[in-house]
Amino acid sequence: FAWGCNKFGQLGIDSVKDFWVAAPVCVYSSDENPATEVCLGSEHKVVLTHRGDALACGSNNFGQCGAPAIMTRVLVLTQMRYENDGKHEAA
């Protein structure tokens, strides 16, 4: 569940129209691959799953969501992917 500021899509609700979300909204649920940890940044979040997947959403200005550089925001939790360019982001 997530709520609060969503200016950069960091809640993962597929929209930035709602800048402030007051009530908790379910953003990830899986019986087969449940979340084990959640790491929060001021403009993005990363969810680690039981299988070891890293899912991210929010600001991607510096590649912190593992999305292509042309995507400045990731609005839903998306599996992180990195190319081997010597740069990385730690959550």
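Preceding block: the structure.
Now for a look at the structure at hand. Just so you know, these numbers come straight off a predicted model, no measurement behind them.

**Quick look at the environment of Gly9**
Among the secondary structure elements, Gly9 is positioned in the loop between strand S1 (2–5) and strand S2 (20–25). For Gly9, a relative accessible area of 1% puts it in the buried group. When the C-alpha atoms of Gly9 and Asn60 are compared, they prove to be 9.9 Å apart, with 51 residues separating the residues in sequence. Other than its neighbours up to four places away in sequence, Gly9 contacts Ser15, Val16, Cys57, Gly58, Val74 and Leu75.

**Here's the deal with the pattern of salt bridges**
Under the counting rule described, the total for this entry stands at one salt bridge. We note a salt bridge from Arg51 to Glu32, for which the minimum N-O separation is 3.9 Å. In this pair, Arg51 is assigned in the loop between strand S4 (44–49) and strand S5 (54–59) and Glu32 in the loop between S2 and strand S3 (35–40), connecting sequence segments 19 residues apart.

**Some thoughts on the nonpolar core**
Membership of the largest hydrophobic core is limited to ten residues, which are Val46, Val47, Leu55, Ala56, Cys57, Cys65, Ala67, Val74, Leu77 and Met80. Where this core is concerned, the elements lending two or more residues are S4, S5 and strand S6 (73–79). When residues in this core are grouped by element, the largest group, three residues, is from S5. Apart from the residues within four sequence positions on either side, Ala56 is in contact with Lys45, Val46, Cys65, Val74, Val76, Leu77, Thr78 and Met80.

**Some points on the side chain of Asn6**
Mapped onto the elements of the fold, Asn6 is located in the loop between S1 and S2. Dropping the residues within four chain positions of it, Asn6 is found in contact with Leu11, Gly12, Ile13, Ser15, Val16, Asp18 and Phe19.

**A look at the side chain of Ser15**
Along the polypeptide, Ser15 turns up in the loop between S1 and S2. At a separation of 2.9 Å, a polar atom in the side chain of Ser15 contacts the main-chain amide nitrogen of Lys17. For Ser15, the residues in contact, after removing those within four places along its chain, are Asn6, Gly9 and Leu75.

**Some details on the sheet that holds S6**
Ordered by their spatial adjacency, four strands build an open sheet running S3-S4-S5-S6, and the pairing between neighbours is antiparallel. One side of each edge strand has no neighbouring strand; the edge strands of this open sheet are S3 and S6. Adjacent strand axes in the sheet meet at a mean angle of 10° when their direction is disregarded. Where S4 meets S5, five bridges bridge the pair, whose relative direction is antiparallel. Note on S5: the bridge partner recorded for His44 is Gly58.

Thresholds applied
Within each chain, residues carry numbers counting from 1 in the order of the written sequence. With the structure being a predicted model, the display of local features is reserved for residues of pLDDT at least 70 and the display and counting of side-chain atom pairs for 80 or more, all residues being used for whole-chain, interface and lining totals. Where side-chain values are given, they derive from all heavy atoms of the structure, hydrogens and water being excluded. Helix and strand definitions here come from DSSP, where helices need a minimum of 4 consecutive H or I residues and strands a minimum of 2 consecutive E residues; each element is numbered from the N-terminal end. Whether a residue is buried, partly exposed or exposed follows from its accessible area with a 1.4 Å probe, protein chains only, as a fraction of its type maximum: under 20%, in between, or over 50%, in that order. Residue contacts are defined here by distance: any two heavy atoms, one from each residue, within 4.5 Å place the two residues in contact. Just to be clear on terms, a salt bridge is a Lys or Arg side-chain nitrogen sitting within 4 Å of an Asp or Glu carboxyl oxygen. To define a nonpolar core, start from buried Ala, Val, Leu, Ile, Met, Phe, Trp, Tyr and Cys residues and group those joined through side-chain atoms within 4.5 Å. We define a polar contact as two N or O atoms separated by no more than 3.5 Å, with the added condition that, inside protein, one atom must be a possible hydrogen donor and the other a possible acceptor, whereas residues neighbouring each other in sequence contribute only through side-chain atom pairs. For two strands to be treated as a pair, DSSP must find no fewer than two bridges joining them. Helix axes use the C-alpha atoms of the stretch in contact, all axes being lines fitted to C-alpha atoms, and the angles between their N-to-C directions lie in the range 0 to 180 degrees.

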